[in-house]
Amino acid sequence: MRAAPQRILMTVDAVGGVWRYAVDLAAALSDAGVTTILVLLGPAPSKAQRAEVARIQRATLVETGEPLDWLTDDAVSVQHAAATIAMLATAHRADLIHVNQPALAATLPGDLPMIVAAHGCVATWWEAARPGSPLDPKFGWHRALAAQGLRRATRVVAPSESYARTVARTYGLCELPVAIHNGRTPTPVAPVRTRHIAFTAGRLWDEVKRTPLLDAAAARLAAPLYAAGPTRAPHGASVPVEHLHLLGELTADSMTAMLATQPVFVSAACFEPFGLAVLEAAQAGCALVLSDIETFRELWDGAALFVAGDDPAAWSDAIAALLADDAARAALGAAAADRGARYTLAATATAMLSLYADASANERAAA
């Protein structure tokens, strides 16, 4: 394998799954001798998040105060954030830039190899959230910047083959993004008694998570359906909840403790480029009840129970059936754990290091 760059500047935010992806990857890169400068955009991280980065030997967190692309109203703010990233890349002597928000790449200088990772964007989110409805014109600037950023990348990467196809189709890319599955290292825990509950986790306020559907399903269940995650978005949107048992935002230790009880894990998302919470649940041996979408089929077919559509009764029936059948629940949990063992952080880091090296070699050859 070609030599990988030794100093990576990687963008990150503290709002959703990109934090988990970037920080885990930075830790794995550190183990491989690579230094990561994590450049934070958007809301400030929590004390626990800062401490998490501080424990990584070869990682530095730089808080910029710049907005996230999907939390601002125009291209100017995103372009200003890109200028800040370029300045930091120079100051920290970065060999390569890894951008986790495609719109940011639109105006970054082209003198360093640039990996653009597509974890989600307004245009692909909109298509899933409001099928058949054209993108609101007020987001046209964002789609244009994302398209430009994807085309300026040395390499584009997506966390699943299905989302790679979605990105290529949405933006008319000539080449499919490289699909590199996300990975996690499960936290070892002592065996505990299995709880007769269901559980979901994620940005509950996000329309594509379909929290109202799960709330309606919870009303029909005899067992509780617990939900971890924020119900109010950074930009003020919120979701009303009546029947889910809300847990708020759990720490990593609290999440591990919950998953150790092997609840039936539920995700009704209609849009999911990967789904790290599902992977965490699978690696803990939880039986999975998932929406029947392409990404989940790609990753979990044969290792999960799939529910199509938005009928609360169908969801509650599927959850209740597993809760009532210990043998079926255990078998499905074992299948999920076996499948989840494929998606390791080591595999993700190895693939990304190879991509970094290839991108760097490509830039040198083009120079």
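Residues numbered from 1 in each chain as written. Predicted model: local features only at pLDDT ≥ 70, side-chain atom pairs only at ≥ 80, totals over all residues. Heavy atoms only, no water.

A. How the structure looks around unusual backbone geometry. If you check the backbone angles, Arg-93 has positive phi at about 55° while not being a glycine. For Arg-93, the location among the structural elements is in the loop between α3 (75-91) and β4 (96-99). For Arg-93, a relative accessible area of 56% translates into the label exposed. Of note, the phi angle at Arg-210 is positive, near 55°, even though the residue is not glycine. Relative to the elements of secondary structure, Arg-210 occurs in the loop between β8 (198-201) and α7 (211-218). Classification of Arg-210 by relative accessible area gives buried; the value is 18%. (Helix = DSSP H or I, 4+ residues; strand = E, 2+ residues; numbered from the N terminus. Buried < 20%, exposed > 50% of the residue type's maximum accessible area, 1.4 Å probe, protein only.)

B. Representation of the nonpolar core within the structure. In this structure, Leu-38, Phe-199, Phe-265, Leu-288, Trp-300, Met-352 and Tyr-356 are the most contacted members of the largest nonpolar core, which totals 60 residues. Looking at this core, the element that brings in the most residues is helix α1 (residues 17-31), giving nine residues. Counting residues in hydrophobic clusters, the runner-up holds 46 residues, among them Ala-75, Ala-105, Trp-126 and Val-167. (Core = buried A, V, L, I, M, F, W, Y, C linked by side-chain atoms within 4.5 Å.)

C. Highlighting the pairing of strand β6 (residues 155-158). Examined bridge by bridge, strand β5 (residues 114-117) and β6 share three bridges and lie parallel to one another. Residue pairing in the sheet places Ala-117 in a bridge with Val-157 of β6. The sheet contact formed by β6 and strand β7 (residues 178-179) spans two bridges and is parallel. Residue pairing in the sheet places Ala-158 in a bridge with Ala-179 of β7. One crossover worth recording links β6 to the parallel β7 by way of helix α6 (residues 161-171), and it is right-handed. (Pairing = 2+ DSSP bridges. Right-handed = clockwise from strand over helix to strand, strands pointing away.)

D. Molecular detail of the side chain of Thr-166. Looking at where Thr-166 falls in the secondary structure, it is placed in helix α6. With residues up to four places along the chain from it excluded, the contact list for Thr-166 reads Thr-124 and Glu-127. (Contact = heavy atoms within 4.5 Å.)

E. View of the environment of Thr-64. If you trace the backbone, Thr-64 turns up in the loop between β3 (59-63) and α3. Under the relative-accessibility criterion, Thr-64 is labelled partly exposed at 23%. Spatially, the C-alpha atoms of Thr-64 and Ala-44 are 9.2 Å apart, while their sequence positions differ by 20 residues. Leave out the neighbours within four places in its chain, and Thr-64 touches Val-39, Leu-40, Leu-41, Thr-84 and Leu-88.

F. Just the pattern of salt bridges, in detail. Per the counting criterion, the structure on display carries 13 salt bridges. The residue Glu-52 makes a salt bridge to Arg-20 at a minimum N-O spacing of 2.1 Å. Of the two residues, Glu-52 is situated in helix α2 (residues 47-54) and Arg-20 in helix α1; the sequence distance between them amounts to 32 residues. Each of the two residues, Glu-52 as well as Arg-20, counts as buried. With a shortest N-O distance of 3.6 Å, Glu-294 and Arg-165 are connected by a salt bridge. Note that Glu-294 is positioned in helix α10 (residues 294-300) and Arg-165 in helix α6, a separation of 129 residues in sequence. Overall, the relative accessible area of 41% leaves Arg-165 in the partly exposed class. Put simply, Arg-20, Asp-24, Glu-52, Arg-184 and Glu-280 are held in one network by salt bridges that share partners. (Salt bridge = Lys/Arg side-chain N within 4 Å of Asp/Glu carboxyl O.)

G. Region of the structure containing empty space enclosed by the protein. Under the definition given, this model contains three cavities of 30 Å³ or more. In this structure, the largest cavity encloses a volume near 40 Å³. Residue lining of the largest cavity: Tyr-21, Ala-117, Ala-118, His-119, Val-157, Ala-158, Pro-159, Ile-180, Asn-182 and Met-352, and that is the complete set. Its residues assigned to classes, the lining of the largest cavity shows eight nonpolar, two polar and no charged. (1 Å grid on protein atoms, 1.4 Å probe; cavity = no way out; pocket = protein on both sides within 12 Å on 5 of 7 lines; lining within 4 Å. Points joined across faces, edges and corners; volume = space filled by probe spheres on them. Nonpolar A, V, L, I, M, F, W, Y, C, P; charged D, E, K, R; others polar.)

H. Fine view of the sheet that holds strand β13 (residues 305-307). Spatially, the six strands line up as an open sheet ordered β10-β9-β8-β11-β12-β13, and their pairing is parallel. Looking at the sheet topology across the chains shown, the edges are occupied by β10 (245-248) and β13. Averaged over all pairs of adjacent strands, the angle between their axes in this sheet comes to 25°, without regard to strand direction. In this structure, strand β11 (residues 264-267) lies alongside strand β12 (residues 288-291), joined through three bridges in parallel fashion. By the bridge assignment for β12, Val-266 is matched with Val-289. Here helix α8 (residues 252-260) sits on the sheet in contact with β8, β9 (225-228), β10 and β11, set at roughly 150° to β8. (Axes fitted to C-alpha atoms, helices over the stretch in contact; angles between N-to-C directions.)

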